[in-house]
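Results of the structural survey
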Amino acid sequence: MPPKAAATTSKEVEEARAKMKARFDAVRTGGKGTARRTKRSKHTNHAADDKQLQAQLKRLGCNSIPGIEEVNMFMENGSVIHFSGPKV
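Residues numbered from 1 in each chain as written. Predicted model: local features only at pLDDT ≥ 70, side-chain atom pairs only at ≥ 80, totals over all residues. Heavy atoms only, no water.

1. Looking at the environment of Ser64
- With respect to the helices and strands, Ser64 occurs in the loop between helix H2 (46-60) and strand S1 (70-74).
- Here the alpha-carbon distance between Ser64 and Gln54, two residues ten residues apart in the chain, equals 9.7 Å. (Helix = DSSP H or I, 4+ residues; strand = E, 2+ residues; numbered from the N terminus.)

Right, here's the structure in full:
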């Protein structure tokens, strides 16, 4: 018959368990036995943003110029702003 495992655990293991328990207790929304809080992701619709941008540009009277692949704007302080595929 194999010997029984010792009932006592080392001090390091006890400290690690307490640390993990403290970490996971912070994410509970209810009491013991409840599910942990799930991270809710926010879905954004980029097509709606583009549609609103096009409406504002139309209201301002801007026209898109087809055939421009990229634009480099050189600032006075020496930095460069690069746009690839600008719409306006």
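2. Quick word on the confidence of the model for the protein
- On average, residues of the protein carry a pLDDT of 79, and 81% of them reach 70 or more.
- Across the protein, the secondary-structure element scoring lowest on mean pLDDT is H2, at 84, and the one scoring highest is S1, at 92. (pLDDT = per-residue confidence, 0-100.)

3. With respect to the pairing of S1
- Of the pairings in the sheet, the one linking S1 to strand S2 (residues 80-84) comprises five bridges and is antiparallel in character. Residue pairing for S2: Glu70 is matched across the bridge by Ser84.
- Where S1 folds back onto S2 in an antiparallel hairpin, the turn is made up of five residues, including Gly78, whose phi is positive at roughly 100°. (Pairing = 2+ DSSP bridges.)

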